[in-house]
Amino acid sequence: MNAPTSDVDLLASDAIADPHAIFAALREMGPIVWLTRHRAWMFTTHEAVRLGFHDQRLSSDRLTPLEARLDDASRAAMGQTFDLLRGWMVFHDEPEHARLREPLRRTFTPSRVTDLRPRVEEIVDELLDDLANIDEPDLVRDFAFPLPAIVIAELLGVPAEDRDDFKHWSDQLAAIVFGSANRTAGIERAAAGSAKFVDYFTGLVDRYTREPTDNLISALIEVTNDDPDAGLAPTELVGALTLLLFGGHETTTNLISNSMHSLLQHPAQQRMLGSQPEQLGGALEELHRFDGSTKLMVRVVGENHERDGIAMEAGQTVFLGVLGANRDPVVFSDPGDLRLDRANARSHLGYGYGGHFCLGAALARLETEVAIGRLIKRFPELTLRDDAAVTWAEVLLGRGPTALPISI
């Protein structure tokens, strides 16, 4: 069977501005489409993406093929970056994935997240007080970014005053993790960000080894000390901390921003949610489904096999099209409509699926719930500023606005 092909450029301006239209067009072509520009398979439907998350023939190790494609100079420049990223469980298959995930699962517990609620509420209220006194507030800069950045920093034991630094380093690393339009610039930026993260977290690990306290870094060190065989090697620990810091603010910032952008585009739904706060939990799942912070996740074909009659060859890249899966009409009726009371909204794949389900989903849900609930209650007349031109980050994997100028 010949696979459908498309020459769409997922980094083109129209695809960045409205990826939903692109993903819908690809889905109409079939569950698996070959993207000639990206030299990758795109899984387009909810079923194909869900099964793709489960399939052990699709590998999460996209670092090895990326490293192999680089020239010698780039590979040398990226050496420390690859060492850092190999500590990220998301780039590993079983059983290595489970080994790296287990210490985090044992320390980053549901009870630890639940205990954070009063502090998250306090931070949100402080940010809303500040927002009220800003002449031209921006929802990303002044609210959606600082909230998760402060929360994850405090959880880890990272001084809050350093958050602008790690935002800058995360942005540098995002060029590789999320895929930027400029690979050469991305390599240089990622190398610079990686070096900063390694130095920074190595210093914090040394500090909390000598003087443990009630934070996640100390807890991870304790797990390793109690059972070295089940713990993380020093480079793995630094990598894991970078993943938690990176994932703990980057994707949650985008989730809060995207959710509020969707509500601002649907003012009637925003007013309804403001008057029925008890609907917030389900509404947030629908907002995530409607326009989440993940466009696609990457896998690599680990062995030759066929799916849907299409031959897939070892080494080929696979894009699991999460954004398109979350608007698959087979699963979600009228998927282009935002329905905050949608009964099956939680069937979205924005947090991944199966063994790679996001470890930080509970924290992201908590932060988003508190942030949006308190924001629309405090500012019921919140709108996008009339002169606002919403622009989106020019990356392949993630989705989020770079700014949301608002009037309150």
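A brief structural summary.

Cut-off values and rules
- Counting starts from 1 at the beginning of each chain's written sequence and moves along it residue by residue.
- Restriction of local features to residues with pLDDT of at least 70 applies here, the model being predicted, together with a cutoff of 80 or more for giving and counting side-chain atom pairs; totals for whole chains, interfaces and linings are based on all residues.
- With hydrogens and water set aside, each side-chain value is computed from the structure's full complement of heavy atoms.
- For the purposes of this section, nonpolar cores are sets of buried Ala, Val, Leu, Ile, Met, Phe, Trp, Tyr and Cys residues that join through side-chain atoms within 4.5 Å.
- Under the scheme applied here, a residue whose accessible area is under 20% of the maximum for its type counts as buried, over 50% as exposed, and between as partly exposed, the area being computed with a 1.4 Å probe on protein chains only.
- We count a stretch as a helix when DSSP gives it H or I for four or more residues in a row; a strand needs E for two or more, and each element gets its number in order from the N terminus.
- A contact between two residues is defined here by any heavy atoms of the two lying within 4.5 Å.
- A pairing counts as a salt bridge when a side-chain nitrogen of Lys or Arg comes within 4 Å of a carboxyl oxygen of Asp or Glu.
- Comment: axis = line fitted to C-alpha atoms, over the contacting stretch for helices; angle = value between 0 and 180 degrees taken between N-to-C directions.
- Any angle between 65 and 115 degrees counts as roughly perpendicular, while under 35 counts as roughly parallel, over 145 as roughly antiparallel, and the rest as oblique.
- Left-handed is the label given to a crossing in which the near helix is rotated counterclockwise from the far helix by less than a right angle, and right-handed is the label when the rotation is clockwise.
- Amino acids are sorted into nonpolar (Ala, Val, Leu, Ile, Met, Phe, Trp, Tyr, Cys and Pro), charged (Asp, Glu, Lys and Arg) and polar (every other residue, Gly among them).
- Paired strands, as defined in this entry, are two strands with at least two bridges between them according to DSSP.
- Each residue after the first adds 1.5 Å to the expected span of a helix.
- Think of the arc as the fan of directions from the helix axis to the C-beta atoms.
- Aromatic pairing here means that ring centres of Phe, Tyr or Trp (its six-membered ring) are within 6.5 Å. Orientation follows from the plane angle: under 30 degrees is stacked, over 60 is edge-to-face, and everything else is tilted.
- Our definition puts a charge over a ring when NZ of Lys or CZ of Arg is within 6 Å of the ring centre and also within 35 degrees of the ring normal.

## Comments concerning the nonpolar core
Then, number 1: Among the nonpolar cores identified, the biggest contains 86 residues, and Leu147, Leu156, Phe201, Ile217, Met260 and Leu375 are the most heavily contacted of them.
Then, number 2: Ranked by residues supplied to this core, first place goes to helix H15 (residues 234-265) with 12 residues.
Then, number 3: Those residues in contact with Phe201 that sit more than four places away from it in its chain are Val158, Ile217, Val238, Leu241, Thr242 and Leu245.

## What to know about the pattern of salt bridges
Then, number 1: A complete count under the given rule lists 22 salt bridges for this structure.
Then, number 2: Residue Glu236 is joined to Arg99 by a salt bridge in which the shortest nitrogen-to-oxygen separation is 2.5 Å. Of this pair, Glu236 sits in helix H15 while Arg99 sits in helix H7 (residues 96-107), and the two are 137 residues apart along the sequence.
Then, number 3: A residue is classified by how much of its surface remains accessible, and Glu236, at 15% relative accessible area, is buried.
Then, number 4: Accessibility expressed as a relative area gives 28% for Arg99, which makes it partly exposed.
Then, number 5: Arg365 serves as the salt-bridge partner of Glu285, at 2.7 Å between the closest nitrogen and oxygen. With Glu285 in helix H17 (residues 280-290) and Arg365 in helix H19 (residues 361-378), the pair connects residues that are 80 residues apart, well separated along the chain.
Then, number 6: Judged by relative accessible area, Glu285 falls into the buried class, the value being 6%.

## Notes on the packing of H7 against helix H14 (residues 216-226)
In a pair of packed helices, the angle between the axes and the distance between the axes together describe the arrangement.
Then, number 1: Relative orientation of the contacting elements H7 and H14 amounts to 125°, with a least axis distance of 9 Å. Taken together, H7 and H14 sit at an angle that is classed as oblique. Classified by chirality, the crossing of H14 by H7 is right-handed. Together, Pro103, Leu104, Arg106 and Thr107 of H7 and Leu216, Ala219, Leu220 and Val223 of H14 make up the contact between the two elements.
Then, number 2: The residue inventory of the contact of H7 with H14, partitioned by class, reads six nonpolar, one polar and one charged.

## Some words on the environment of Glu154
Then, number 1: With respect to the helices, strands and loops of the structure, Glu154 is situated in helix H11 (residues 146-156).
Then, number 2: Each C-alpha atom, one on Glu154 and one on Glu250, is 15 Å from the other, the two residues being 96 residues apart in sequence.
Then, number 3: The residues touching Glu154, leaving out its near neighbours within four places in the chain, are Arg119 and Ile123.

## Digging into the sheet that holds strand S3 (residues 40-43)
Then, number 1: Here six strands make up an open sheet; going across it, the order is S1-S2-S3-S8-S5-S4 and the pairing mixed. The open sheet is flanked by strand S1 (5-6) and strand S4 (58-59), the only strands paired with a single partner.
Then, number 2: Taken together, the four bridges between S3 and strand S8 (residues 317-320) define a ladder with parallel strand orientation. Along S8, the bridge assignment pairs Trp41 with Val318.

## Considering unusual backbone geometry
What you tend to see is this: most non-glycine residues have negative phi, and most peptide bonds are trans.
Then, number 1: Following Glu94, the chain continues to Pro95 via a peptide bond in cis, the omega torsion being 5°.
Then, number 2: Assignment of secondary structure puts Pro95 in the loop between helix H6 (79-85) and H7.
Then, number 3: Phi angles above zero are rare outside glycine, and Arg39 is one such case at about 50°.
Then, number 4: If you trace the backbone, Arg39 turns up in the loop between strand S2 (32-35) and S3.
Then, number 5: The phi angle at Asp308 is positive, at roughly 55°, despite the residue not being glycine.
Then, number 6: Along the chain, the position of Asp308 falls in the loop between strand S6 (305-307) and strand S7 (310-312).
Then, number 7: Residue classification places Asp308 among the partly exposed positions, given a relative accessible area of 48%.

## Let's talk about helix H9 (residues 117-132)
Then, number 1: Under the 1.5 Å per step criterion, the end-to-end length of H9 is 23 Å for 16 residues, consistent within 8% with the ideal 22 Å.
Then, number 2: By the burial criterion, the buried members of H9 are Val120, Ile123, Val124, Leu127, Leu128 and Leu131. Taken end-on, H9 shows its buried residues confined to a sector of 135°, consistent with a single buried face.
Then, number 3: Where H9 is buried, its residues touch helix H10 (139-144), H11, H19 and strand S10 (406-407).

## Thoughts on the side chain of Ser218
Then, number 1: Positionally, Ser218 belongs in helix H14.
Then, number 2: On the basis of relative accessibility, which here comes to 7%, the residue Ser218 falls in the buried class.
Then, number 3: Once residues within four sequence positions are removed from consideration, Ser218 is found in contact with Tyr208, Pro212 and Thr213.

## A look at the packing of aromatic side chains
Then, number 1: Applying the stated rule across the entire model yields eight aromatic pairs.
Then, number 2: Both rings, one in Trp88 and one in Phe246, keep their centres 5.4 Å apart while their planes meet at 50°; by these two values the pair is tilted. On the criterion of sequence distance, the pair formed by Trp88 in the loop between H6 and H7 and Phe246 in helix H15 is long-range, its members being 158 residues apart.
Then, number 3: The class of Trp88 is buried, set by a relative accessible area of 2%.
Then, number 4: Residue class for Phe246 comes out buried when judged on its relative accessible area of 3%.
Then, number 5: Each ring, one from Trp169 and one from Tyr200, has its centre 5.4 Å from the other, and the planes form 65°; the classification is edge-to-face. Taken together, the residues span a long stretch of sequence, with Trp169 in helix H12 (residues 163-179) and Tyr200 in helix H13 (residues 183-210) at a distance of 31 residues.
Then, number 6: Through a chain of ring-to-ring contacts, three or more aromatic side chains come together here, namely Trp169, Phe197, Tyr200 and Phe201.
Then, number 7: Across the ring face of Phe332, the terminal group of Arg289 is positioned such that the distance to the ring centre comes to 5.2 Å.
Then, number 8: It is Arg399 that lies over the ring of Trp392; its NZ or CZ is 3.6 Å from the centre.

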